[in-house]
Amino acid sequence: MHGYQLTFYTQQDRKQAGLPMSEWLVQEARRMGIGGATVIAAQEGFGHSHRLHSARFFELADQPVEITMALSGVEVDRLFARLRELDLDLFYVKSAIEFGSTGAM
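Since this is a predicted model, take the numbers as computed values, not measurements.

1. Some words on the pattern of salt bridges
Thought 1: Scanning the model with the defined rule gives 3 salt bridges in all.
Thought 2: Across the pair Glu28 and Arg82 runs a salt bridge whose closest N-O atoms are separated by 2.7 Å. Separated by 54 residues along the polypeptide, Glu28 in helix α1 (residues 21-31) and Arg82 in helix α2 (residues 73-85) bring together distant segments of the chain.
Thought 3: Judged by its relative accessible area of 7%, Glu28 falls in the buried class.
Thought 4: Here the salt bridges share partners, and the residues they tie into one network are Glu28, Arg31, Arg82 and Glu85.

In structure tokens, the structure reads:
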């Protein structure tokens, strides 16, 4: 199948509807019937502000988080429409991909 890899970048302490943004985004994708999402906690990074974000021993709130999904074009459009509806500002990378499974599921 051809579609897109969509990766969002945020911080551990960022919230939406009382949940960490990564958790909210995974739950929202699941509610929308999207096939899957992976959350990866990063050690360190910086964004457009050039402010360093990192996971420290005592404070993980500023830890960078990446949420990745493989989606069809229709699913991307539906997800972006939902994010616009909620006026969410999330940095993302969208890449054209081929995806599938090598065996029976």
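2. With respect to a nonpolar patch on the surface
Thought 1: On the surface, a cluster of nonpolar side chains totalling about 290 Å² of accessible area is made up of Tyr9, Phe91 and Val93.
Thought 2: Tracing the backbone shows Tyr9 in strand β1 (residues 2-11).

3. Considerations on the packing of aromatic side chains
Thought 1: Tallying each qualifying case throughout the model produces 4 aromatic pairs.
Thought 2: Considering the side-chain rings of Tyr9 and Phe91, the 6.0 Å spacing of their centres and the 45° angle between planes classify their relative orientation as tilted. Taken together, the positions of Tyr9 in strand β1 and Phe91 in strand β8 (residues 91-98) put the pair 82 residues apart, joining distant regions of the chain.
Thought 3: Given the relative accessible area of 35%, Tyr9 is considered partly exposed.
Thought 4: One Lys or Arg, Lys94, reaches over the ring of Tyr4 and ends 4.6 Å from the middle of that ring.

4. Regarding unusual backbone geometry
Thought 1: Notably, Ala17 is not glycine yet its phi reads approximately 55°, a positive angle.
Thought 2: Mapped onto the elements, Ala17 comes out in the loop between β2 (15-16) and β3 (19-20).
Thought 3: Taking the relative accessible area as the measure of exposure, Ala17 reaches 66% and is therefore exposed.
Thought 4: Non-glycine residue Asp87 carries a positive phi angle of around 55°.
Thought 5: Turning to its location among the elements, Asp87 is positioned in the loop between α2 and β8.

5. Side note on the pairing of β1
Side-chain positions along a regular strand alternate between the two faces of the sheet.
Thought 1: With 8 bridges joining them, β1 and β8 adopt antiparallel strand pairing. Across the sheet, Tyr9 pairs through a bridge with Phe91, a residue of β8.
Thought 2: As paired elements, β1 and strand β7 (residues 64-71) share 8 bridges and run antiparallel to each other. Each residue of the ladder has a partner; that of Thr10, found in β7, is Val65.

What counts as what
- Residues numbered from 1 in each chain as written.
- Predicted model: local features only at pLDDT ≥ 70, side-chain atom pairs only at ≥ 80, totals over all residues.
- Heavy atoms only, no water.
- Salt bridge = Lys/Arg side-chain N within 4 Å of Asp/Glu carboxyl O.
- Helix = DSSP H or I, 4+ residues; strand = E, 2+ residues; numbered from the N terminus.
- Buried < 20%, exposed > 50% of the residue type's maximum accessible area, 1.4 Å probe, protein only.
- Patch = residues over 30% accessible without salt bridge, like charges linked within 9 Å, V, L, I, M, F, W, Y side chains within 5 Å.
- Areas by Shrake-Rupley, 256 points an atom, 1.4 Å probe, with all protein chains shown as cover.
- Phe/Tyr/Trp six-rings, centres within 6.5 Å; stacked < 30°, edge-to-face > 60°.
- Lys NZ or Arg CZ within 6 Å of the ring centre and 35° of its normal.
- Pairing = 2+ DSSP bridges.

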